[in-house]
Amino acid sequence: MARERQQSRVFDDAAHLASMGHKAELNRHFSPLAMLGLAFAILNSWTALSASLSLALPSGGPTSVIWGLITAGICNLSLAASMAEFLSAYPTAGGQYHWVAVIAWPKWRPLLSWITGWINVSGWIALVASGGLLGSQLIVGVISFTNQNYVPQRWHQFLIYIGYNLVAFLLNAFGNSLLPYVTKGAFAWSITGFVIISITVLACASPDYASGKFVFTEFINDSGWPGGIGWLLGLLQAGLGLTGFDAVAHMIEEIPNPHVEGPRIMIATVMIGIFTGFIFLTCLLLVSGGSANVQNIIGSAAGPLLAIFYNATGSKAGSICLLMFPLVCLLFATISIMTTSSRMTYAFARDGGLPASRFFAKVHSKHEMPLNALILTTILVVIFGCIFLGSSSAFNAIISASVVALGVSYAIPPAINCLRGRKMLPPRPFVLPGPLGWMCNLLGIAYVIVTTVLFLFPPTLPVTGSNMNYCIVAFFIVIVISVVQWFVDGRKNYKGPVVELVGEGEEDQVVHAADNDEFDDKRGAAVER
């Protein structure tokens, strides 16, 4: 009986996807727990936050690390709740660009959907790069930690970065059926590492903890920017640790009962990230040695995280053993991010948004995954990583690019919905009630506007050719390519994704949103009913 209900639900999910113009080509083999594991493996907040301490410690110090996380956490939770409404209404791998095509003004639907899709695709590619970047940085730090005569070279980190992404590519290409087990393992490994490291560093450092005043009120500004701007630039660390929750949307065609499970997983992922991140960062700051040692940690060739482990344990071997947890977490993260990025690329190509869309929208019959989209993602990630070889601030540039691009794609759907009176979504299982909905939408949009501007700033002053933030260059190139491609091909051929018209007492109709100016009126009537 249970099996029959499951088969019936899978059929219903496939039928709903077909009503939006897409054949169910991907197996729904991710359980809610496996999908939560994938989403949390991507955020891996405690890992990403601790591995990127070098972003916040010089730009605000502990106040930026702790209170920056709370600030970014509230704002990202608002964005996640806002996006969950859309996911509940339209559970398709296209995510943001699909939702924009549904709710935007008829005249602007194709263009806005096109731009949103390009920004989202580029953001996910940059996020794939950030996983290998953090992992390679930790490994180079270990080498520096164990060999005082080692002089790190940029190409050393680049080769490790390539290795990280090669492992992720091979598992995604030839182990697709194993991914649900990998993501469950990633979730278990991450939580286990979080607990073990927290207990170990606190036990080893006892009773020589930093003061509560240092942990929660110490302000440091080595950025060269004025204090307020310096603190805000430190938000990039928290932004990285909490971004990527739209992975649930891009993998939604591979879980059952997506209308209900998708929103739950999206919000739960961010909440778990905030909780684990706050506890872990507090533990690290408590065992860091306080004000007397913080500059040594910031300037350590081994990196702040390994320097804190060593300060707490007093053992190089013990510190490296503890570092194995975040290193493996970052490998899991790179695998999961590459999975999601390939699905996002596949979905956008499926709707005609990329050059050679038919080629990149193919699903490999044997491996049951979009292999061509995966190969494209991997090639672009390798190209993106070449920033390593030319810029000393590549770390900030790549992370800024991912956080900025994904943040902009998160804000566009709720911004359009707010401008249209929050009346553009049909009845759905997950609904933010009136005032709460407006508050979440507007807070999330305001956060994205502020951080988009700030994260394009150079991380330090004075600005030179080698330390400038090349994120703005990368972002500009993406916008230029998308606009040029729009005039060359998209304006004539891109009609946006297929959407479903709903209403009582009439048969469902399936059309492209861009083809029907009456779409708003009909859906509006359905929403009113």
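Small disclaimer: the values here were computed from a predicted structure and weren't measured. (Residues numbered from 1 in each chain as written. Predicted model: local features only at pLDDT ≥ 70, side-chain atom pairs only at ≥ 80, totals over all residues. Heavy atoms only, no water.)

A description of the overall build of the protein should follow, citing residues and the corresponding values.
When helices and strands are counted, the protein shows 23 helices and two strands. Split into buried and exposed, the 529 residues of the protein put 59% on the buried side. For the protein, the share of sequence-separated contacts (at least 6 apart) that also reach a separation of at least 24 residues comes to 81%. When the accessible surface of the protein is totalled, it reaches about 19,900 Å², and 66% of it is carbon and sulfur. (Helix = DSSP H or I, 4+ residues; strand = E, 2+ residues; numbered from the N terminus. Buried < 20%, exposed > 50% of the residue type's maximum accessible area, 1.4 Å probe, protein only. Contact = heavy atoms within 4.5 Å. Areas by Shrake-Rupley, 256 points an atom, 1.4 Å probe, with all protein chains shown as cover.)

Give me the lowdown on the packing of helix α7 (residues 109–146) against helix α19 (residues 371–385), citing residues and values where you can.
Where α7 meets α19, the closest approach of the two axes is 9 Å, and the angle between their N-to-C directions is 65°. The chirality of how α7 crosses α19 is right-handed. Taking contact as the criterion, the partners of I125, A126, V128 and A129 in α7 are, on α19, T377, L380, V381 and F384. (Axes fitted to C-alpha atoms, helices over the stretch in contact; angles between N-to-C directions. Left-handed = near helix turned anticlockwise from the far one by under 90°.)

Outline the packing of α7 against helix α22 (residues 471–493), supporting the account with residue identities and numerical values.
α22 packs onto α7 with a crossing angle of 140° between their chain directions and a minimal axis gap of 10 Å. When the axes of α7 and α22 are compared, the pair comes out oblique. The hand of the α7/α22 crossing is right-handed. Listed contacts from α22 to P110, L111, W114, W118, I119 and S122 of α7 are F475, V478, I479, I481, S482, Q485, W486 and G490. Considered class by class, the residues forming the contact of α7 with α22 number ten nonpolar, four polar and no charged. (Parallel < 35°, antiparallel > 145°, perpendicular 65-115°, else oblique. Nonpolar A, V, L, I, M, F, W, Y, C, P; charged D, E, K, R; others polar.)

Can you lay out the layout of surface pockets for me, pointing to particular residues and giving the numbers?
For the second largest pocket, the calculated volume is near 550 Å³. The wall of the second largest pocket is formed by 23 residues, among which S122, I125, L380, F384 and V478 lie closest to the centre. At the level of secondary structure, the elements contributing two or more residues to the lining of the second largest pocket comprise α7, α19, α20 (394–419) and α22. Taken together, the residues of the lining of the second largest pocket sort by class into 21 nonpolar, two polar and no charged. (1 Å grid on protein atoms, 1.4 Å probe; cavity = no way out; pocket = protein on both sides within 12 Å on 5 of 7 lines; lining within 4 Å. Points joined across faces, edges and corners; volume = space filled by probe spheres on them.)

Lay out unusual backbone geometry with the relevant residues and their values.
Residue P207 follows S206 across a cis peptide bond; omega there is 0°. With phi around 50°, N257 is a residue other than glycine that occupies positive phi space. Within the secondary structure, N257 is located in the loop between α13 (247–250) and α14 (258–286). Taking the relative accessible area as the measure of exposure, N257 reaches 22% and is therefore partly exposed. With phi around 50°, R422 is a residue other than glycine that occupies positive phi space.

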